[in-house]
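Topology and contacts: notes
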Amino acid sequence: MDGVLVDTEPLFMNKVFEFYQKHKKNISYNEITKLAGSPSTISSKLMTNWFVENMTESEFLKFYESNTEKLRFNYDDIVNPYIKIVLPRLKNEGYKLAIASSSPMDILNVLLKTAI
């Protein structure tokens, strides 16, 4: 899904980068790009290690969530414009369509209802 139908990665990485800047942690944007496409288990480990505090992953994730705003965006603003042409054409030609993503199902449902 991400990177093909929509591209939320830059939005997420900017949010993470701003979080570390706010907390005076010198993590480069280039380092943060390692999160792109990573499963949440890997991302949470990396982010916890970057914070360099004596916190468990679950403690860090609670701290992160309580110190950042929920990422909000309009899928219509970030949807790949060709998707609305290509997907219906493929479906009309008899192709079976599926979405592969590590995103939570509620996010996929919002995408499907609003942008595609």
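A few points on the structure. (Residues numbered from 1 in each chain as written. Predicted model: local features only at pLDDT ≥ 70, side-chain atom pairs only at ≥ 80, totals over all residues. Heavy atoms only, no water.)

A look at the packing of helix H3 (residues 40-51) against helix H4 (residues 57-66)
Quick note on the threshold: Axes, fitted as lines to C-alpha atoms, cover a helix only where it is in contact. Angles between the N-to-C directions of the axes lie from 0 to 180 degrees. Secondary structure counts use DSSP, requiring at least four H or I residues in a row for a helix and at least two E residues in a row for a strand, with both numbered from the N terminus. Angle categories: roughly parallel below 35 degrees, roughly antiparallel above 145, roughly perpendicular from 65 to 115, and oblique for all the rest. Contacts: residue pairs with any heavy atoms within 4.5 Å of one another.
Put simply, H3 and H4 touch, their axes get as near as 9 Å, and they point 85° apart. In this view, H3 runs roughly perpendicular relative to H4, as classed from their interaxial angle. Taken together, the residues of H4 that come into contact with H3 (itself represented by Thr 41, Ser 44, Lys 45, Met 47, Thr 48 and Phe 51) are Glu 57, Phe 60, Leu 61, Phe 63 and Tyr 64.

Topic: the layout of surface pockets
Our working definition: Here a cavity denotes grid points, spaced 1 Å and computed from the protein atoms alone, that fit a 1.4 Å probe unable to get out, and a pocket denotes an open set having protein on both sides within 12 Å along at least 5 of 7 lines; residues with an atom within 4 Å of a point are the lining. Grid points are joined across faces, edges and corners, and a volume is the space filled by probe spheres set on the points. Side-chain classes follow a simple rule in which Ala, Val, Leu, Ile, Met, Phe, Trp, Tyr, Cys and Pro form the nonpolar group, Asp, Glu, Lys and Arg form the charged group, and the remainder, Gly included, forms the polar group.
Reported here for the largest pocket is a volume of approximately 1,100 Å³. Phe 12, Leu 71, Ser 103, Pro 104 and Ile 107 are, among the 30 residues lining the largest pocket, the residues nearest its centre. Secondary structure elements with two or more residues in the lining of the largest pocket: helix H1 (9-22), H3, H4 and helix H7 (105-114). If you tally residues by element for the lining of the largest pocket, the top one is H3, at four residues. Looking at the lining of the largest pocket residue by residue, the class counts come to 14 nonpolar, nine polar and seven charged.

Things to note about the nonpolar core
Note the threshold: Only buried residues count toward a nonpolar core, which is a set of Ala, Val, Leu, Ile, Met, Phe, Trp, Tyr and Cys residues joined through side-chain atoms within 4.5 Å. Throughout this description, buried means an accessible area under 20% of the type-specific maximum (1.4 Å probe, protein chains only), exposed means over 50%, and partly exposed covers the range between.
In terms of nonpolar packing, the biggest core is built from twelve residues, these being Met 13, Val 16, Phe 19, Tyr 20, Ile 27, Ile 32, Leu 35, Met 47, Trp 50, Phe 51, Phe 60 and Tyr 64. Where this core is concerned, the elements lending two or more residues are H1, H3 and H4. Element by element, the count of residues in this core is highest for H1, at four residues. Aside from chain neighbours lying at most four places away, what touches Ile 32 is Met 13, Val 16, Phe 17, Tyr 20, Ile 27 and Trp 50. Counting residues in each nonpolar core, the second largest holds eight residues, with Met 1, Leu 5, Leu 108 and Leu 111 among its members.

By themselves, these figures tell us nothing about what the structure is for.
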